Amino acid sequence: MRADWRRRAAELVAVAALVLFCAYFVGLLDSARMGAGLVDIVDLLGEMWPPDFTNLNAWWGPLWDSLAMSLAATALAVLLSVPLALLGARNTSPHPAVYWSARMMLNVLRSVPELIMAIVFVAAVGFGALPGALALGIHSAGMVGKFFAEAIEHADQAPVEAARAVGSTPAQVIMHGVLPQVLPQMADVTIYRWEFNFRASVVVGVVGAGGIGFELIAALRTLKYEEVSAILLVILATVTVVDALGGLLRKRFA
């Protein structure tokens, strides 16, 4: 018992030491630099007050672009991730080679940040909401597919074995033995990812992928800090509404 306690204490000390080293390495423990940065932040906040809502009516269109982008991206992510998840789950994959191939594809999709994908798609299809939706959807497919696959792997095998016992085909086993168990989890992950995609749509807009993020970076580049604060408040209000709607949908479907 005492040896086990000592081992856990040693592990905790090692983790704490690693965290402190990383904090020192990136400068989090540099009090002089952090203090100077805090003063600059206070000055910047002063320049951002009061918010300037003069162009509020011009932001509704880009805001809708961000909402539409997040919805389209989430739908694309689900369409891509469901078959990849079924192929990437041990209990539904037809062959180990297919399993590892699907898992590798999911790793590839989520390893490339959505911002990099947005830059690539802007170069490929031009400015607007389309490259943003493609970037968010393809990147999200990797994350959503991983959660879907794990949910499928943890499904209760009793209904699966019952479906197989009555001579069901593999497709019927999945439809009647697996999916009914994991659909609530899939719905929960999908709603969460939609909430995330709306927030991420602001970021990809910075590189020209449409949405309210494009307006935000335009105000930043022209040093209109009072307008920047107004746009941030609009984004905050919309994120609050989206999160509340996501909570209602989660209670209904998850």
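Look a little higher up for the structure.
Residues numbered from 1 in each chain as written. Predicted model: local features only at pLDDT ≥ 70, side-chain atom pairs only at ≥ 80, totals over all residues. Heavy atoms only, no water.

Colleague: Please give an account of unusual backbone geometry that cites residues and values.
Modeller: Positive phi, normally seen in glycine, also occurs at Leu-223, with a value near 60°. Relative to the elements of secondary structure, Leu-223 occurs in the loop between helix 9 (212-221) and helix 10 (225-253). Among the residues examined, Leu-223 registers a relative accessible area of 58% and is labelled exposed. (Helix = DSSP H or I, 4+ residues; strand = E, 2+ residues; numbered from the N terminus. Buried < 20%, exposed > 50% of the residue type's maximum accessible area, 1.4 Å probe, protein only.)

Colleague: Could you give me a rundown of the packing of aromatic side chains, with the residues and numbers involved?
Modeller: For the structure on display, the rule yields 2 aromatic pairs. Between Tyr-99 and Trp-100, the aromatic rings sit 5.0 Å apart at their centres with planes inclined by 75°, giving edge-to-face as the arrangement. The residue whose ring lies beneath Lys-146 is Phe-147, and the NZ or CZ to ring-centre distance is 5.8 Å. (Phe/Tyr/Trp six-rings, centres within 6.5 Å; stacked < 30°, edge-to-face > 60°. Lys NZ or Arg CZ within 6 Å of the ring centre and 35° of its normal.)

Colleague: An account of the side chain of Asn-197 is requested, with residue identities and associated values reported.
Modeller: Within the secondary structure layout, Asn-197 lies in helix 8 (residues 170-204). In this structure, Asn-197 is in contact with Ser-70, Ala-73, Thr-74, Leu-136 and Ser-140, ignoring residues within four places of it in sequence. (Contact = heavy atoms within 4.5 Å.)

Colleague: Let's hear about the packing of helix 3 (residues 56-87) against helix 8: which residues, and what values?
Modeller: Where helix 3 contacts helix 8, the axes come no closer than 8 Å and their chain directions differ by 145°. Of the two possible hands of crossing, helix 3 and helix 8 adopt the one that is right-handed. Here Leu-63, Ser-66, Leu-67, Met-69, Ser-70, Leu-71, Ala-73, Thr-74, Val-78 and Leu-86 of helix 3 come into contact with helix 8, specifically with Ile-174, Thr-190, Arg-193, Trp-194, Asn-197, Phe-198, Ser-201 and Val-204. Along the lines of polarity and charge, the residues of the contact of helix 3 with helix 8 split into 11 nonpolar, 6 polar and 1 charged. (Axes fitted to C-alpha atoms, helices over the stretch in contact; angles between N-to-C directions. Left-handed = near helix turned anticlockwise from the far one by under 90°. Nonpolar A, V, L, I, M, F, W, Y, C, P; charged D, E, K, R; others polar.)

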